[in-house]
Amino acid sequence: MANDQPQDTNDAINKDTVFANPMAAIDRFAFNKAVVDVFPDMIKRSVPGYLTIIGMIGDLTNRYVQANSNCYDLGCSLAAATLAMRQNIGESGCEIIAVDNSQAMIERAQKVMDRDHSATPVALVCDDINNIDIKNASIVVLNFTLQFIPVEQRDQLLANIYQGLNPGGVLILSEKIAFEDQRHNQLMIDLYHDFKRANGYSDLEISQKREALENVLIPETLTQHRSRLKNSGFDDADVWFQCFNFASMIAQKTTY
Ligand code: GEK
């Protein structure tokens, strides 16, 4: 699988130590240069199943891409999902539009794309994904991005995606999730923290990052996601991957 390899092969994969030292004050989490510099290591050690999901985005692209259509990677970070899509598009006349509102992410993503020589053109766009006009789409990827969008903007974004998808097109939506049952919710958080400890994060790193993400990353339950997808028009949507409190859903536009 291409994405098991370091993405940015001219640079070493830097170890994430962003929250390793005690901080007097903890700022809101931001996708700034310090985070971009360690991002491949951070996301791999922080999101259970991340590399599996990236690989499957490639496989799902292979299945669902339509000739002469657009594929969108919304909140693309360093373009891992973009790369997986690009390397699995067998159809002609396609374009990938990869969007992130972090300038530092887009600059680094451009280097990643420059080193890949697959045929499909990629447009890297630095903008808010809420401003993007989705059209003629066969695949839209929101891989751990919707969780950073203010909750009150999520319905409109999903409605835009639905109207921009072609019949037969799919949305792949991966998110950190919450659970209605508080005891189960806590169990999933505890198991997730065990996963982070096993990946070398200290209790201090875990708690400082958790605080930085408070009110920045807002998880919802699968019930809320299913309901939003249904209300946006998707009549076929459900989970295809889950590990602890991380899940990925696939939603297909089956009608005109
Ligand atoms: C991956 N998908 O590796 N508009 C555009 N980008 C945004 C916005 C916004 N309103 N809000 C946040 N972002 C990637 C991983 S990371 C997930 C996605 C994580 C961007 C933000 O700058 C960051 O790059 C990305 O969404 C979220 O498959 O770090 O947990």
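Caption draft 1: Examining the nonpolar core more closely. Of all hydrophobic cores here, the largest spans 40 residues; its most connected members are Phe-29, Ile-57, Cys-71, Met-85, Ile-139 and Val-141. Counting residues per element, the ones that place at least two in this core are α1 (33–46), α2 (50–64), α3 (80–86), β4 (137–143), β5 (165–178), α7 (203–213) and β8 (246–252). Setting aside residues up to four positions removed in sequence, Ile-57 forms contacts with Ala-81, Met-85, Val-141, Asn-143 and Ile-172. Formed by 28 residues, the second largest nonpolar core is a distinct cluster that contains Leu-74, Ile-97, Ile-134 and Met-188.

Caption draft 2: Up close: the site of the ligand. Not every one of the 21 residues close to the ligand is listed here, only the nearest: Tyr-50, Gly-75, Ser-77, Asp-100 and Asn-143. Contacts to the ligand include Asp-100, whose side-chain N or O atom sits 2.6 Å from an oxygen atom. A distance of 3.2 Å separates a nitrogen atom of the ligand from a polar atom in the backbone of Asn-101. Within the residue set of the shell around the ligand, elements represented by two or more residues are α1 and α2. Here the shell around the ligand is built from residues that sort into eleven nonpolar, seven polar and three charged.

Caption draft 3: Quick peek at the side chain of Arg-45. Examined against the element boundaries, Arg-45 turns out to sit in helix α1. Of note is the side chain of Arg-45, whose polar atom sits 3.1 Å from the backbone oxygen of Asp-16. At 2.8 Å, the side chain of Arg-45 forms a polar contact with the backbone oxygen of Asn-199. If we ignore the near neighbours within four places in the chain, the residues touching Arg-45 are Lys-15, Asp-16, Phe-195, Lys-196, Asn-199, Gly-200 and Tyr-201.

Caption draft 4: Representation of the pattern of salt bridges in the model. Tallying each qualifying case throughout the model produces eleven salt bridges. The closest approach of N and O atoms between Arg-228 and Asp-155, which form a salt bridge, is 2.8 Å. Here Asp-155 lies in helix α5 (residues 151–164) and Arg-228 lies in helix α8 (residues 222–231), a separation of 73 residues in the sequence. Exposure remark for Asp-155: the relative accessible area of 48% places this residue in the partly exposed category. A salt bridge links Glu-220 to Arg-228; the shortest N-O distance between them is 2.9 Å. For the pair formed by Glu-220 and Arg-228, the shared burial category is buried. Members of the salt-bridge network, linked through shared partners, are Arg-154, Asp-155, Glu-220 and Arg-228.

Caption draft 5: Spatial organisation of the pairing of strand β3 (residues 122–126). Pairing geometry for strand β2 (residues 95–100) and β3, over five bridges, is parallel. Residue pairing across strands places Ile-97 opposite Ala-123, the latter belonging to β3. The parallel pair β2 and β3 is bridged by helix α4 (residues 103–114), and the resulting crossover is right-handed.

The rules behind each value
Residues numbered from 1 in each chain as written. Predicted model: local features only at pLDDT ≥ 70, side-chain atom pairs only at ≥ 80, totals over all residues. Heavy atoms only, no water. Core = buried A, V, L, I, M, F, W, Y, C linked by side-chain atoms within 4.5 Å. Buried < 20%, exposed > 50% of the residue type's maximum accessible area, 1.4 Å probe, protein only. Helix = DSSP H or I, 4+ residues; strand = E, 2+ residues; numbered from the N terminus. Contact = heavy atoms within 4.5 Å. Near = heavy atom within 4 Å. Polar contact = N/O pair within 3.5 Å; in protein donor to acceptor, adjacent residues only side chain to side chain. Nonpolar A, V, L, I, M, F, W, Y, C, P; charged D, E, K, R; others polar. Salt bridge = Lys/Arg side-chain N within 4 Å of Asp/Glu carboxyl O. Pairing = 2+ DSSP bridges. Right-handed = clockwise from strand over helix to strand, strands pointing away.

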